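In case you want the letters, here they are:
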Amino acid sequence: QVQLVESGGGLAQPGGSLRLSCAASGFTFSSYAMSWARQAPGKGLEWVSGIYSDGSNTYYAYSVEGRFTISRDNAKNTEYLQMNSLKPDDTALYYCAKDVEGYVSRSYDYWGQGTQVTVSS
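Values in this document were obtained by computation on a predicted structure and should not be read as measured data.

A.B. asks: Before we go on, may I ask you to explain the pairing of strand E9 (residues 92-99) in this structure?
C.D. replies: Consecutive side chains of a regular strand alternate in pointing toward one face of the sheet and then the other. Taking burial as the measure, the eight residues of E9 include seven buried ones, the bulk of the element. By the bridge criterion, six bridges tie strand E4 (residues 34-39) to E9 in an arrangement that is antiparallel. The residue of E9 that forms the bridge with Arg38 is Tyr94. Bridge count between E9 and strand E11 (residues 115-119): three bridges; the pairing is antiparallel. Counterpart to Ala92 in the pairing with E11 is Val117. Sheet topology places E9 next to strand E10 (residues 108-111); three bridges connect them, and they run antiparallel. In the sheet register, Ala97 faces E10, and the bridge partner there is Trp111.

Structure (structure tokens):
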């Protein structure tokens, strides 16, 4: 069965960095685009970033562009989100999601359980 397991969340200071990972199993990882989304307390789900199946194209929400970098290692079946220059507004539960296509269609059929990121001094 498909499994997506996020890790790497935690507490960071404003201006700090964190690197999230999403370990995938149960499907051909290299055939599908992947994304990250987040949900802050009391708010709706916000798409953050997406990457093509082969890593050739990446996309970002305006709120994180220039600070976050999405990447993937298809040999390790793992997706990453490097988060730099963190702000308190980045505090949220971060989810990885499997796209239904090889390009970033933003239609998802599987989600991870989430990893908490808290940005606070």
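A.B. asks: Sorry, what's going on with the pattern of salt bridges here?
C.D. replies: For side chains of opposite charge, pairing can occur when their charged atoms come near one another. Counted by the stated rule, this structure contains four salt bridges. Glu46 is the partner of Arg38 in a salt bridge, and the nearest nitrogen-oxygen pair spans 2.7 Å. Take Arg38: its relative accessible area is 5%, and that puts it in the buried class. The exposure class assigned to Glu46 is partly exposed, which follows from its relative accessible area of 29%. Its salt-bridge partner being Asp90, residue Arg38 comes within 2.9 Å of it at the nearest N-O pair. On the criterion of sequence distance, the pair formed by Arg38 in strand E4 and Asp90 in the loop between strand E8 (78-83) and E9 is long-range, its members being 52 residues apart.

A.B. asks: What is the right way to look at unusual backbone geometry in this model?
C.D. replies: Trans peptide bonds make up the majority, and among non-glycine residues the majority have a negative phi. Positive phi values are uncommon outside glycine, yet Asn77 reaches one of about 55°. Summarising the element assignment, Asn77 is placed in the loop between strand E7 (68-73) and E8. A positive phi angle, close to 65°, is found at Arg106, a residue other than glycine. Counting through the fold element by element, Arg106 comes out in the loop between E9 and E10. Given a relative accessible area of 48%, Arg106 falls into the partly exposed group.

Calculation notes
Residues numbered from 1 in each chain as written. Predicted model: local features only at pLDDT ≥ 70, side-chain atom pairs only at ≥ 80, totals over all residues. Heavy atoms only, no water. Buried < 20%, exposed > 50% of the residue type's maximum accessible area, 1.4 Å probe, protein only. Helix = DSSP H or I, 4+ residues; strand = E, 2+ residues; numbered from the N terminus. Pairing = 2+ DSSP bridges. Salt bridge = Lys/Arg side-chain N within 4 Å of Asp/Glu carboxyl O.

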